[in-house]
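So the chains spell out like this:
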Amino acid sequence: MNDSSWGAPPQAGYWGPTEQGPGQRVGPAGPAYDAHDAQQTRPMPIVPEVPAPGGDQDDDRGVAARRRGPLFRDETPQVPSPWAAPQNTEPMPDAPQPAPAPQKKSAGRDLGAAIGVGVGLGVVIVASLFIVKAVFVGVIAVAVVVGLWELTKRLEERKGINAPLVPLAVGGAAMIVAGYVRGAEGAWVAMALTALAVLVWRMTEPPDGYLRDVTAGVFAAFYVPFLATFVAMMLTADDGPQRVLTFLLLTVVSDTGAYAIGWRFGRHKLAPRISPGKTREGLIGAVTFAMGAGALCMQFLIDGGSWWQGLLLGLAVAASATLGDLGESMIKRDLGIKDMGTLLPGHGGIMDRLDSLLPTAPVVWLLMVIFVGSA
């Protein structure tokens, strides 16, 4: 029993005079106990009896053992009561837990659907690219319009930004055609007219948020259709289909190398605040795969190209594709979404496939012009 529950220390004559003497620890009895002594005494606090574990509460052994407990501060028990609560006991150590079973590393996407959709898109692109160039220009325009729709829709849903889709879609498609027909000059003129159309179109609505909406619209016009016009301009060369195929192959190989090596060996994060899934090992894989594919493509597909040019081209493609992927990851983080859309199973939306292609297109177009010319 805790001594603090007893209050002040006992005074002399606490129990009154006894005939048994101080050695007996029992209460007063007989005529020696009077009312005056009763006023000088204080009753003992009532302590609830603790039942003996595993036995009957009225067991005489339990009662006798409880009577042997200390009654005063200065009384030291010779044998601790087996029924007293242990003091300062250490907690029992936890039982050893079985080690968790190792989890199989997940690739993070539906590979079956991703491969199937990728092969289907590849067939459509290659067929339109080598049969009729104009059909491939139409494929680019359709991809641009769908990408603009996804981007403006997400901006409206997540940020309340109403970038006008109609002038963006019309101006974006016109930009692709102008780039194919008139080259860089036509692309710049179409870009300027599209930006002007966005400014005028937004004037038909209330002025609240005007600057915000037109800024987002001009950004969307530059980010999606204008960068895509460089693919159409690559197509105008005599070996245009081979240049576009090289551009597509290098970008896809770079993305595949980064994904495969990063998934298998990735340990060090590349940009954890922007895209936690990307690793430095994945970047090394992207550079290695893209440089190898670039050397082969420039040597065997491009007229007048050489393998060392392909190495430089692959390095540039890996850098631009990675930056483009990080750029859209930044946009998606700001919007609080994982994918721009759900149109392509296993891939997300069209913009989730154009993220690395769009910024890579002007890089490949410029290097092709420097290495082998524009004709």
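For clarity, every value in this text was computed on a predicted model and none was experimentally measured. (Residues numbered from 1 in each chain as written. Predicted model: local features only at pLDDT ≥ 70, side-chain atom pairs only at ≥ 80, totals over all residues. Heavy atoms only, no water.)

What about the overall build of the chain?
Looking only at helices and strands, the chain features eleven helices and two strands. Looking at the 375 residues of the chain, the share that counts as buried comes to 35%. Of the contacts made within the chain by residues no fewer than 6 positions apart, 70% connect residues no fewer than 24 positions apart. Total accessible area on the chain stands at roughly 22,300 Å², and carbon and sulfur atoms take up 64% of it. (Helix = DSSP H or I, 4+ residues; strand = E, 2+ residues; numbered from the N terminus. Buried < 20%, exposed > 50% of the residue type's maximum accessible area, 1.4 Å probe, protein only. Contact = heavy atoms within 4.5 Å. Areas by Shrake-Rupley, 256 points an atom, 1.4 Å probe, with all protein chains shown as cover.)

Quick notes on a nonpolar patch on the surface
On the surface, a cluster of nonpolar side chains totalling about 430 Å² of accessible area is made up of V189, L193, L196, L199 and V200. Secondary-structure assignment places V189 in helix 5 (residues 165-202). Exposure remark for V189: the relative accessible area of 46% places this residue in the partly exposed category. (Patch = residues over 30% accessible without salt bridge, like charges linked within 9 Å, V, L, I, M, F, W, Y side chains within 5 Å. Salt bridge = Lys/Arg side-chain N within 4 Å of Asp/Glu carboxyl O.)

Re the nonpolar core
One finds V231, V244, F247 and L313 to be the most contacted residues of the largest nonpolar core, which totals 58 residues. For this core, the element with the most residues is helix 6 (residues 210-235), which contributes 15 residues. (Core = buried A, V, L, I, M, F, W, Y, C linked by side-chain atoms within 4.5 Å.)

A look at the packing of helix 7 (residues 240-265) against helix 9 (residues 307-335)
Look at helix 7 against helix 9: their axes get within 9 Å of each other, and the N-to-C directions meet at 65°. Helix-helix and strand crossings are classified by hand; for helix 7 and helix 9 the assignment is right-handed. Together, T246, L250, T251, S254 and D255 of helix 7 and L313, V317, A318, A321 and D325 of helix 9 make up the contact between the two elements. For the contact of helix 7 with helix 9, the residue count by class is five nonpolar, three polar and two charged. (Axes fitted to C-alpha atoms, helices over the stretch in contact; angles between N-to-C directions. Left-handed = near helix turned anticlockwise from the far one by under 90°. Nonpolar A, V, L, I, M, F, W, Y, C, P; charged D, E, K, R; others polar.)

Structural notes on the packing of aromatic side chains
Enumeration over the complete set of coordinates arrives at six aromatic pairs. When the centroid spacing of 5.4 Å and the interplanar angle of 25° are considered together, the rings of F222 and F226 count as stacked. Taken together, the residues span about one helical turn, with F222 and F226 both in helix 6 at a distance of four residues. Residue class for F226 comes out buried when judged on its relative accessible area of 4%. With centroids separated by 5.7 Å and ring planes inclined at 85°, the aromatic side chains of F226 and F230 adopt a geometry described as edge-to-face. Note that F226 and F230 are positioned in helix 6 at a spacing of four residues, about one turn of the helix. With relative accessibility at 12%, the residue F230 sits in the buried group. Pairwise contacts between aromatic rings join W188, F222, F226, F230 and W365 into one cluster. When the ring centre of F265 is taken as reference, the NZ or CZ atom of R264 above it lies at 5.1 Å. (Phe/Tyr/Trp six-rings, centres within 6.5 Å; stacked < 30°, edge-to-face > 60°. Lys NZ or Arg CZ within 6 Å of the ring centre and 35° of its normal.)

Focus on the pairing of strand 2 (residues 275-279)
Relative to strand 2, strand 1 (residues 269-271) runs antiparallel, the two being bridged by two bridges. Looking across to strand 2, one finds that A271 is bridged to S275. Hairpin connection from strand 1 to strand 2: three residues lie between these consecutive antiparallel strands. (Pairing = 2+ DSSP bridges.)

Some thoughts on the pattern of salt bridges
Tallying each qualifying case throughout the model produces nine salt bridges. One salt bridge connects D213 with R202, and the closest N-O pair in it is separated by 2.8 Å. Within this pair, whereas D213 is found in helix 6, its partner R202 is found in helix 5, the two being separated by eleven residues in sequence. The pair D213 / R202 is uniform in exposure class, with both members buried. A salt bridge links K278 to D325, with the shortest nitrogen-to-oxygen separation between them at 3.4 Å. Taken together, the residues K278 in strand 2 and D325 in helix 9 connect sequence positions 47 residues apart. With a relative accessible area of 17%, D325 lands in the buried category.

Points about the side chain of T246
Note on placement: T246 falls in helix 7. You can call T246 buried: its relative accessible area is 0%. When neighbours within four sequence positions are excluded, T246 is seen to be in contact with C297, L301, I302, L313 and M368.

Considering the environment of Q299
Summarising the element assignment, Q299 is placed in helix 8 (residues 280-300). In this structure, the C-alpha to C-alpha distance between Q299 and G310, residues eleven residues apart in sequence, is 7.4 Å. The residues touching Q299, leaving out its near neighbours within four places in the chain, are G305, S306 and W307.

Considering the environment of R273
Following the sequence through the fold, R273 ends up in the loop between strand 1 and strand 2. The class of R273 is exposed, set by a relative accessible area of 79%.

Some points on helix 11 (residues 357-372)
Between its first and last C-alpha atoms helix 11 spans 21 Å; for 16 residues at 1.5 Å apiece the expected length is 22 Å, and the two agree. By the burial criterion, the buried members of helix 11 are L357, L358, T360, A361, P362, V364, L367, M368 and F371. Where helix 11 is buried, its residues meet helix 6, helix 7, helix 8, helix 9 and helix 10 (350-354). The first or second residue beyond helix 11 is G373, which carries a positive phi of 90°. (Expected span 1.5 Å × (residues − 1).)

The values reported here are purely geometric and, on their own, carry no functional implication.
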